[in-house]
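What follows is the residue order along each chain.
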Amino acid sequence: MSAAADRRAQWRDLVARRLPEAARPGWPVHLDHCFARILLDNACGGPWRDSVAPPAHANMPADDLEHAIDLGEAVLDGRADLALLNRRSLAWRGKIATAPVPEGLRDGDLLLRRWRPDDTAPFAALNADPMVMEFFPRLRTETESAVEAVRCDRRFVADGFGPWAVERDGRFVGFVGAFRIMQAMPFPGGERIGATIELGWRLARDAWGHGIATRAARLTLADLAGRCGLRTVVAYTASGNDRSRAVMERLGMAPSGTFPHPAVPDGPLRTHRLYRLDPVEVSA
């Protein structure tokens with residue numbers, strides 16, 4: 001049996017046998033197809049059938065299937081909250097009411113707003129810029145950028161917050177915002193999937209040097225603290241990324257050590273520096 005076939009078999013066993021057999025009174029579901037829905041939606045960042053033809057176990061990209069399996073194992077181990085995963089899935093499918101999200105946040109010439117289809121081309125351009133992506137393992141393709149843009153906006157539906165598309169003087173220049181981390185991370189508190197909120201940004205090269213990341217991050221932090229009631233965030237970047245670390249320090253974030261990023265291959269980019277902040281005192 002090939003490695004891919006073995007993982008598909010593990011997936012089927014996970015959702016058809018192991019999770020239903022482990023179901024307990026506090027869990028929101030107990031049927032195999034419900035577990036599959038929840039895990040696949042969270043792995044895909046939205047209703048899985050929007051991006052994958054059935055059957056999912058045969059057609060899902062390997063990375064997404066691996067993510068779905070990891071989420072299921074974390075539920076079994078008590079490292080992921082099945083109720084949270086279910087709420088995100090149901091929100092994407094329009095099955096539960098969700099809190100309203102502002103259309104945008106503004107500071108003078110700077111607008112943080114929800115994503116639009118015409119953001120895809122400039123987003124793909126910045127994801128293909130070697131300088132912008134210097135501290136990422138690789139550049140993004142146009143297709144990958146389009147998928148990422150959709151998933152960015154869907155986070156607002158699932159969580160009430162997400163990475164805002166950033167406009168300066170009416171032009172899209174990248175994103176700044178907050179992410180619920182949906183994978184286990186090797187730093188204190190990061191082992192529980194979905195419990196940690198990350199502050200992050202990625203801006204086009206011609207938007208650097210104008211204080212945009214710092215201003216937009218302050219808007220984001222004030223919104224998180226005031227509207228969402230979130231008191232703690234983290235940020236991290238490859239150890240050599242002095243520009244991003246400078247933004248974290250300007251925001252008053254405290255360095256909290258280093259860790260090997262599990263999604264980055266062995267090499268000079270794998271070691272990341274972690275920063276933490278209690279945003280309750282942050283204001284725009």
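Residues numbered from 1 in each chain as written. Predicted model: local features only at pLDDT ≥ 70, side-chain atom pairs only at ≥ 80, totals over all residues. Heavy atoms only, no water.

### Here's the deal with helix α6 (residues 120-127)
Next up, step 1: Taken residue by residue, α6 has F123, A124, L126 and N127 as its buried positions. Buried residues of α6, viewed axially, fall in a sector of 165°; they line one side. Of the exposed residues in α6, those oriented more than 90 degrees away from the buried face are A121 and A125.
Next up, step 2: In this structure, the buried side of α6 is in contact with α7 (142-159), β4 (171-180) and β5 (197-203). (Buried < 20%, exposed > 50% of the residue type's maximum accessible area, 1.4 Å probe, protein only. Helix = DSSP H or I, 4+ residues; strand = E, 2+ residues; numbered from the N terminus. Arc of directions from axis to C-beta. Contact = heavy atoms within 4.5 Å.)

### A word on unusual backbone geometry
Next up, step 1: Across the junction of P54 and P55, the peptide omega takes the value 0°, indicating a cis bond.
Next up, step 2: Along the chain, P55 turns up in the loop between α2 (32-44) and α3 (56-59).
Next up, step 3: The phi dihedral of D169 falls on the positive side, at around 55°, and the residue is not glycine.
Next up, step 4: You can see D169 is positioned in the loop between β3 (163-168) and β4.
Next up, step 5: We classify D169 as exposed; its relative accessible area is 61%.

### Here we look at the packing of helix α1 (residues 3-22) against α2
For any two helices packed against each other, the geometry is given by the interaxial angle and the distance between the axes.
Next up, step 1: Packing of α1 against α2 leaves a shortest axis separation of 9 Å and a crossing angle of 125°. One finds that α1 runs oblique with respect to α2. α1 and α2 meet at a crossing whose hand is right-handed. Contact with α1, carried on its side by W11, L14, V15, A16, L19 and P20, involves D32, F35, A36, L39 and L40 of α2 and no other residues of that element.
Next up, step 2: When its residues are assigned to classes, the contact of α1 with α2 shows ten nonpolar, no polar and one charged. (Axes fitted to C-alpha atoms, helices over the stretch in contact; angles between N-to-C directions. Parallel < 35°, antiparallel > 145°, perpendicular 65-115°, else oblique. Left-handed = near helix turned anticlockwise from the far one by under 90°. Nonpolar A, V, L, I, M, F, W, Y, C, P; charged D, E, K, R; others polar.)

### Quick word on the confidence of the model for the protein chain
Next up, step 1: Per-residue pLDDT for the protein chain averages 95, and the proportion of residues at 70 or more is 98%.
Next up, step 2: Note that residues 279-284 has pLDDT below 50 and, in this model, 17 contacts with residues that lie over four places away or in other chains. (pLDDT = per-residue confidence, 0-100.)

### Focus: the side chain of H272
Next up, step 1: Turning to its location among the elements, H272 is positioned in strand β8 (residues 271-277).
Next up, step 2: H272 gets classed as buried once you look at its relative accessible area, which sits at 6%.
Next up, step 3: Within the local environment of H272, its side chain forms a polar contact with the backbone oxygen of R270, the two atoms lying 3.1 Å apart.
Next up, step 4: Setting aside residues no more than four positions away along its own chain, H272 makes contact with Y236, T237, A238, S239, G257, T258, F259, H261 and V264. (Polar contact = N/O pair within 3.5 Å; in protein donor to acceptor, adjacent residues only side chain to side chain.)

### A word on the pattern of salt bridges
Next up, step 1: Scanning the model with the defined rule gives 27 salt bridges in all.
Next up, step 2: A salt bridge links R113 to E167; the nearest nitrogen and oxygen atoms lie 2.6 Å apart. Linking R113 in strand β2 (residues 110-113) with E167 in strand β3, this pair joins segments that are 54 residues apart in sequence. No difference in accessibility class separates R113 from E167, as the two residues are buried.
Next up, step 3: The partner of E148 in a salt bridge is R202, and the shortest N-O contact between them spans 3.0 Å. Of this pair, E148 sits in helix α7 while R202 sits in strand β5; the two residues are 54 residues apart in sequence, bridging distant segments of the chain. (Salt bridge = Lys/Arg side-chain N within 4 Å of Asp/Glu carboxyl O.)

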